[in-house]
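Results of the structural survey
Here is how the chains run, residue by residue.
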Amino acid sequence: KIKYGFWNNKFYGVTIYTNGYENWLGLKDVVFEKFGEGEYQFDKLEETYSWIGDMTGMVMGYDELAKEGRLGIFSLGMNKQEKALKKEKTKEDF
């Protein structure tokens, strides 16, 4: 499945989901070929990679319990704006 994300009525990013490890490996191979291996992180239940560019970030992972893979691609500029607004709103709530 594919989910599109919007923030403030603007396109923010997209997440692509895969079912099962074999399908995730196929997506992982394509992403590694195009963007390199990324920064690797591992815990007991999830294998995760990330890439940070000038304007775009990507996070790719496989959840062993859910048997689901995902690749998220998002705007760093909009991510920064969203975090700043949430931080400001949190200050106002106190």
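Located above this text is the structure these notes cover.
Right, let's walk through the structure included here.

**Some points on the nonpolar core**
Grouped together as the largest cluster of nonpolar side chains are ten residues: Trp 24, Leu 27, Val 31, Phe 32, Tyr 49, Trp 51, Met 58, Met 60, Tyr 62 and Leu 71. If we skip the residues at most four places from it in the chain, Trp 24 touches Thr 18, Glu 47, Tyr 49, Met 60, Gly 61, Tyr 62, Gly 69 and Arg 70.

**A word on the pairing of strand β1 (residues 2-7)**
Inspection of the sheet shows β1 paired to strand β2 (residues 10-19) by six bridges, in the antiparallel sense. Its bridge partner being in β2, Phe 6 is matched across the sheet by Phe 11. In sequence, β1 turns back onto β2 through a hairpin of two residues, with Asn 8 there showing a positive phi of about 55°.

**Considerations on the side chain of Lys 28**
Locating Lys 28 in the fold gives a position in helix α1 (residues 21-35). With a relative accessible area of 11%, Lys 28 lands in the buried category. Excluding anything up to four places from it in sequence, Lys 28 contacts Glu 47, Tyr 49 and Met 60.

**A word on a nonpolar patch on the surface**
Nonpolar side chains collect at one region of the surface, where Ile 2, Tyr 4, Phe 6 and Phe 11 lie side by side and expose about 490 Å² of accessible area between them. Looking at the nonpolar patch element by element, the count peaks at three residues for β1. Inspection of the secondary structure assignment puts Phe 11 in strand β2. On the accessibility criterion, Phe 11 (45% relative accessible area) is partly exposed.

How each quantity is defined
- Along each chain, residue indices are assigned from 1 in the same order as the chain's sequence is written.
- Where local features are concerned, this predicted model is filtered to residues with pLDDT of at least 70; where side-chain atom pairs are given and counted, the filter is 80 or more; whole-chain, interface and lining totals use all residues.
- The basis for every side-chain value is the complete set of non-hydrogen atoms in the structure, without hydrogens or water.
- Side-chain atoms within 4.5 Å are what join buried Ala, Val, Leu, Ile, Met, Phe, Trp, Tyr and Cys residues into a set we call a nonpolar core.
- Relative accessibility decides the category of a residue: with a 1.4 Å probe and only protein chains considered, values under 20% of the type maximum give buried, values over 50% give exposed, and everything between is partly exposed.
- Working rule for contacts: check all heavy atoms of both residues, and any pair within 4.5 Å makes them a contact.
- Two strands qualify as a pair provided that DSSP identifies no fewer than 2 bridges between them.
- Secondary structure elements are taken from DSSP: a helix is a run of H or I of four residues or more, a strand is a run of E of two residues or more, and numbering for both begins at the N terminus.
- Patch criteria: residues need more than 30% relative accessible area and no salt bridge. Like-charged residues are merged within 9 Å; nonpolar side chains of Val, Leu, Ile, Met, Phe, Trp and Tyr are merged within 5 Å.
- In short, Shrake-Rupley with a 1.4 Å probe defines the accessible areas, and a residue's cover is counted only from the protein chains shown.
- What counts as a salt bridge is simple: a side-chain nitrogen of Lys or Arg found within 4 Å of a carboxyl oxygen of Asp or Glu.

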